[in-house]
Amino acid sequence: MSERESKKIAIIGAGIAGLYLAWKLSEKGHKITLFEKREKIGKECCSGLFSERILGFIPQAKSLIEKEFNTCHIHFPKKTFEVKFKRQVLFIEHYKLDNLVAELAKNVGAEILLNQNLDELPPNFDRIIGCDGPLSFVRRKLNLANPLFYLGIQKFIQSPIVSRETFSEKVSRETLDTWPIEDGLAPHHFFSKSGEGFLWKIPRKDIIEYGIIAPPLKAERIFEEFLQEKDIGSDNLKSALIPQGLILPKNPKITLCGDAAGLCKPWTGGGVIWGLIAAELLIKHFPDLLAYRKAVRKFFLPQIFFSKTANKLVRFLGFNLPWLLPKKVKMDNDFLSIRY
């Protein structure tokens, strides 16, 4: 069998990266078996915000769009500045997106097996791709280090019914709001130079989402304080780990993609677009997994470095020298340093 002939591939994890790879590699004639440990497909703990780039990967997702955002307000203690997105940010229920891609994958021949809680890597496959999330089983089997973990927590409340709203109230329903956190304390209590995550408010279709991304040992306490200030109960919360830090094996037969590889944006924690870009690089270089590793590192490592530096600079200015921040800025929500 030559390197370009059909391969028998095991994909571990039915997140968006694993499902996308199952779809696209099946289209290329490879025999795909996707193993998912849960009994159903669909990520439920996610804000569901994606840039318009998502339609370049999955054009069929256009029918799932529920809302569009153009701006985000970032609230520092002494200044709020507005971010205008170069590309619209779309709200799509993540579990609907996952199930859409699952159907696309099955339609071209991918086999998706649910309730597969594996103890060992499946045998008799030419390649194995781990797409099994932050606590990747495949990564653990390869004896690789874990990435840095943050914790994301969500709270949903019913949108208030407003019969007569002012212009500013209407605008507040159409924009995203974030509050940077410093040193694990609520943003208006402490000023520091180190980054510790942020809180957010997202007006969905009929509900409002509040959330936080912060170090795991601090996130719950900070979020409870934030909700208490807004007179919102802290019951019925959803949470998920968010990995930070690119990790890929030097293995010609086994690799990682998506959250399993720690591919999440340093400034928001979002991983879908970055994971899909990595998936496309894998497809481009497949079956050469070492060439894929080289391409991903070349593409993402400069972006990760610049993004962390830019994020730290903005936070430092916002908490210490807010008058140096512009009132408005236009940016790409997926990439801060390079165009894609």
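For the structure, see preceding data.
Residues numbered from 1 in each chain as written. Predicted model: local features only at pLDDT ≥ 70, side-chain atom pairs only at ≥ 80, totals over all residues. Heavy atoms only, no water.

Draft legend 1. Representation of the overall build of the protein chain. Looking only at helices and strands, one finds eight helices and 14 strands in the protein chain. The burial tally for the protein chain puts 52% of its 340 residues in the buried class. A separation threshold of at least 6 residues defines the contact pool for the protein chain, and within that pool the share at least 24 residues apart is 72%. Surface summary for the protein chain: the accessible area is close to 16700 Å², and the carbon and sulfur share equals 52%. (Helix = DSSP H or I, 4+ residues; strand = E, 2+ residues; numbered from the N terminus. Buried < 20%, exposed > 50% of the residue type's maximum accessible area, 1.4 Å probe, protein only. Contact = heavy atoms within 4.5 Å. Areas by Shrake-Rupley, 256 points an atom, 1.4 Å probe, with all protein chains shown as cover.)

Draft legend 2. Layout of the pattern of salt bridges. Per the counting criterion, the structure on display carries 13 salt bridges. Taking the shortest distance from any N to any O, the salt bridge between Lys 43 and Asp 259 comes out at 3.9 Å. Of this pair, Lys 43 sits in the loop between strand E2 (31–35) and strand E3 (49–51) while Asp 259 sits in the loop between strand E13 (254–256) and helix H7 (272–285), and the two are 216 residues apart along the sequence. Among the ionic pairs, Arg 204 bridges to Glu 209, the shortest N-O distance being 3.0 Å. The two residues Arg 204 and Glu 209 agree in class, both being buried. Residues joined in a network through salt bridges with shared partners are Arg 53, Lys 265, Asp 332 and Asp 334. (Salt bridge = Lys/Arg side-chain N within 4 Å of Asp/Glu carboxyl O.)

Draft legend 3. Unusual backbone geometry, seen in detail. Cis geometry is adopted by the peptide bond preceding Pro 287, which originates at Phe 286 and carries an omega value of 10°. With phi around 65°, Asn 124 is a residue other than glycine that occupies positive phi space. The topology assignment puts Asn 124 in the loop between strand E6 (111–113) and strand E7 (127–130). Classification of Asn 124 as exposed rests on a relative accessible area of 66%.

Draft legend 4. Expanded view of the nonpolar core. In this structure, Leu 21, Ile 54, Ile 58 and Ile 129 are the most contacted members of the largest nonpolar core, which totals 87 residues. It is H7 that provides the largest number of residues to this core, a total of 10 residues. Not counting residues within four places of it along the chain, the set of residues in contact with Ile 54 comprises Leu 90, Ile 92, Leu 97, Val 272, Ile 273 and Leu 276. Counting 15 residues, the second largest nonpolar core, distinct from the first, contains Ile 181, Leu 199, Ile 212 and Phe 223. (Core = buried A, V, L, I, M, F, W, Y, C linked by side-chain atoms within 4.5 Å.)

Draft legend 5. Looking closely at the packing of H7 against helix H8 (residues 289–320). As a packed pair, H7 and H8 sit with axes 8 Å apart at the nearest point and diverge in direction by 150°. When the axis of H7 is compared with that of H8, the two are roughly antiparallel. Between H7 and H8 lies a crossing whose hand is right-handed. For the pair H7 and H8, the contacting residues are Trp 274, Ile 277, Ala 278, Leu 281, Leu 282 and His 285 in the first and Ala 291, Tyr 292, Ala 295, Val 296, Phe 299, Phe 300, Gln 303 and Ile 304 in the second. Residue composition of the contact of H7 with H8, by class: 12 nonpolar, two polar and no charged. (Axes fitted to C-alpha atoms, helices over the stretch in contact; angles between N-to-C directions. Parallel < 35°, antiparallel > 145°, perpendicular 65-115°, else oblique. Left-handed = near helix turned anticlockwise from the far one by under 90°. Nonpolar A, V, L, I, M, F, W, Y, C, P; charged D, E, K, R; others polar.)

Draft legend 6. Examining the environment of Ile 54 more closely. Note on placement: Ile 54 falls in helix H2 (residues 54–57). Counting along the chain gives 222 residues from Ile 54 to Leu 276, while the straight-line C-alpha distance between them is 8.6 Å.

Draft legend 7. Highlighting the packing of helix H1 (residues 16–27) against helix H3 (residues 94–107). Relative to each other, H1 and H3 sit at 20°, their axes nearing to 8 Å. Accordingly, the angle class assigned to the pair H1 and H3 is roughly parallel. In the packing of H1 onto H3, the handedness of the crossing is left-handed. Together, Ile 16, Leu 19, Tyr 20, Ala 22 and Trp 23 of H1 and His 94, Leu 97, Asp 98, Val 101, Ala 102, Leu 104 and Ala 105 of H3 make up the contact between the two elements. Looking at side-chain class alone, the contact of H1 with H3 contains 10 nonpolar, one polar and one charged residues.

Draft legend 8. Quick peek at the sheet that holds strand E1 (residues 8–12). Spatial strand order, E6-E2-E1-E7-E13: five strands in an open sheet with parallel pairing. Only two strands of the sheet have a single neighbouring strand rather than two, namely E6 and E13. Adjacent strand axes in the sheet meet at a mean angle of 20° when their direction is disregarded. Against the sheet, H1 makes contact with E1, E2, E6 and E7, and its axis sits at roughly 165° relative to E2, the strand it touches most. (Pairing = 2+ DSSP bridges.)

Draft legend 9. The side chain of Glu 36, seen in detail. Locating Glu 36 in the fold gives a position in the loop between E2 and E3. Once residues lying within four places of it in the same chain are set aside, the contact partners of Glu 36 are Gly 13, Ala 14, Leu 113, Leu 114, Asn 115 and Gln 116.

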